[in-house]
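# Structure at a glance
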Amino acid sequence: MVIVTHNNAIDLPRCLDAVQSNARGAVVVVRDCGSSDQSVAIAEQHPAVANVIGGANVGFGAACNEAARSLGGDIRMILFLNPDTAIDCDVASLLEHVTRFGEFGCVGIQQRSFGSDLVWSWDEFPTPPLEWQKARKAVLLQRSPAGYTDDRRVDWNMGAFLLVPRDAFEAATGFDERFFLFYEEIDLQQRLAQLGRPTYYVDKFHYQHDRSDKASLWREVLRLNSRRKYDRKWLSQSDTVRCQIAQSYRWIQDAIRPKRDRDRRLVIPRLLATWGLIRAIVPPEAIDGGEIDSWRSVRPFWAS
């Protein structure tokens, strides 16, 4: 089990306690990315943790790769788990359950909020038609309870909980470290699919994830920066532009009829980031004043 942390002292004890209760015998490696809080001390003192690796904030994918490389040669399955989650199912039973899929690439399970609400956690690979469906608020299977009633083969699962056979992970050469955060799990599952190792969503098992509002200006710009990297890697130039137009339409609609106050507040940075005009500063410690929800957290595309 690999858990990457960055200032997660509030969430980490709950996460590790749940691991201790529901994943007995798991080899847990925590890779900390330069935390300034007590994350490292908490991980070092917790009985569920076998190894803590400290280091600079190199991004989620690079940190996962480093932790995965540290695992012993007898490890056959890797679970990448976010520190703001809590597993509330028996992992041994899950490992037995997934044997029915044969040689799979990735498995995700049902995600719930800590208030027990179902959270959408699988989706199709990005395409212009899918972007227009989302922009026009179409009813999608992956965004409705009907999509979360049975096991199913899917394009990708959210990266908060990813169960990956080690041989598949190594065959795909791990996460692409050019993604600092966001879209690295989609990219990985796309490469696994190309290797003939499909992704599955499993409904019988579940975990909890802190889905509180984390949409700071920095995170939203970084998410869209990562999306542009993904598009350049996987889509044609014309399909990339079609996706950008669909997303722009979506952001403008959010400004006109916002579902949440943050949607109107983030319209301008989302539009600028969609067209590659601004970039988030990484790592976040380099932000002047540490204000990730201010314009100090981003810079124009031509700045170094």
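Refer to the structure above for everything that follows.
Residues numbered from 1 in each chain as written. Predicted model: local features only at pLDDT ≥ 70, side-chain atom pairs only at ≥ 80, totals over all residues. Heavy atoms only, no water.

### Structural notes on the nonpolar core
- Residues Met1, Ile3, Ile87, Val107 and Ile109 are the most contacted members of the largest nonpolar core, which totals 31 residues.
- At the level of secondary structure, the elements contributing two or more residues to this core comprise α1 (12-22), β2 (28-32), α2 (39-45), β4 (77-81), α4 (91-97), β6 (106-112), β11 (161-165) and β12 (199-209).
- Residues Ile53, Ala63, Ala168 and Leu192 belong to the second largest nonpolar core, which totals 23 residues. (Core = buried A, V, L, I, M, F, W, Y, C linked by side-chain atoms within 4.5 Å. Buried < 20%, exposed > 50% of the residue type's maximum accessible area, 1.4 Å probe, protein only. Helix = DSSP H or I, 4+ residues; strand = E, 2+ residues; numbered from the N terminus.)

### Section: a nonpolar patch on the surface
- On the surface, Val241, Ile245, Trp275, Leu277, Phe301 and Trp302 cluster together into a nonpolar patch covering about 610 Å² of accessible area.
- Its location among the elements puts Leu277 in the loop between α11 (267-274) and β13 (278-280).
- With a relative accessible area of 39%, Leu277 lands in the partly exposed category. (Patch = residues over 30% accessible without salt bridge, like charges linked within 9 Å, V, L, I, M, F, W, Y side chains within 5 Å. Areas by Shrake-Rupley, 256 points an atom, 1.4 Å probe, with all protein chains shown as cover. Salt bridge = Lys/Arg side-chain N within 4 Å of Asp/Glu carboxyl O.)

### Digging into the layout of surface pockets
- By volume, the second largest pocket is sized at about 520 Å³.
- In this structure, the second largest pocket is lined by 22 residues; those nearest its centre are Met77, Ile78, Val91, Leu95 and Leu163.
- Within the residue set of the lining of the second largest pocket, elements represented by two or more residues are β4 and α4.
- Among the residues making up the lining of the second largest pocket, the classes are represented as 15 nonpolar, three polar and four charged. (1 Å grid on protein atoms, 1.4 Å probe; cavity = no way out; pocket = protein on both sides within 12 Å on 5 of 7 lines; lining within 4 Å. Points joined across faces, edges and corners; volume = space filled by probe spheres on them. Nonpolar A, V, L, I, M, F, W, Y, C, P; charged D, E, K, R; others polar.)

### Let's talk about the packing of helix α9 (residues 237-256) against α11
- Interaxial distance between α9 and α11 falls to 9 Å at its minimum, and their mutual angle equals 175°. Put simply, α9 runs roughly antiparallel to α11. Contacts between α9 and α11 pair Gln244, Gln247, Ser248, Trp251, Ile252, Asp254 and Ala255 from the former with Val267, Arg270, Leu271 and Thr274 from the latter.
- For the contact of α9 with α11, a count of residues per class yields five nonpolar, four polar and two charged. (Axes fitted to C-alpha atoms, helices over the stretch in contact; angles between N-to-C directions. Parallel < 35°, antiparallel > 145°, perpendicular 65-115°, else oblique. Contact = heavy atoms within 4.5 Å.)

### Section: unusual backbone geometry
- In this model, Val282 is joined to Pro283 through a cis peptide bond whose omega is -5°.
- Checked against the element boundaries, Pro283 lands in the loop between β13 and β14 (298-300).
- Look at Ser116: it is not a glycine, yet its phi comes out positive at around 75°.
- Backbone geometry at Thr173 places phi at a positive 60°, although glycine is not the residue there.
- As for its placement among the helices and strands, Thr173 is situated in the loop between α6 (166-171) and α7 (184-194).
- Exposure remark for Thr173: the relative accessible area of 63% places this residue in the exposed category.

### Regarding empty space enclosed by the protein
- In this structure the tally under the stated criterion is one cavity of 30 Å³ or more.
- Taken as a whole, the largest cavity holds about 30 Å³ of empty space.
- Of the residues assigned to the lining of the largest cavity, the class counts are four nonpolar, three polar and no charged.

### Observations concerning the packing of helix α5 (residues 128-135) against α9
- Between α5 and α9, the least distance of the axes is 9 Å, while the angle of their chain directions is 5°. When the interaxial angle is binned, α5 and α9 end up roughly parallel. On α9, the residues touching Pro128, Glu131, Trp132, Lys134 and Ala135 of α5 are Asp239, Arg242, Cys243, Ile245, Ala246, Gln247, Tyr249 and Arg250.
- Looking at the contact of α5 with α9 residue by residue, the class counts come to seven nonpolar, one polar and five charged.

### Quick word on the environment of Gly55
- Along the chain, the position of Gly55 falls in the loop between β3 (49-53) and α3 (60-69).
- For Gly55, a relative accessible area of 33% translates into the label partly exposed.
- Note: C-alpha distance between Gly55 and Cys33 (22 residues apart in sequence) is 5.6 Å.

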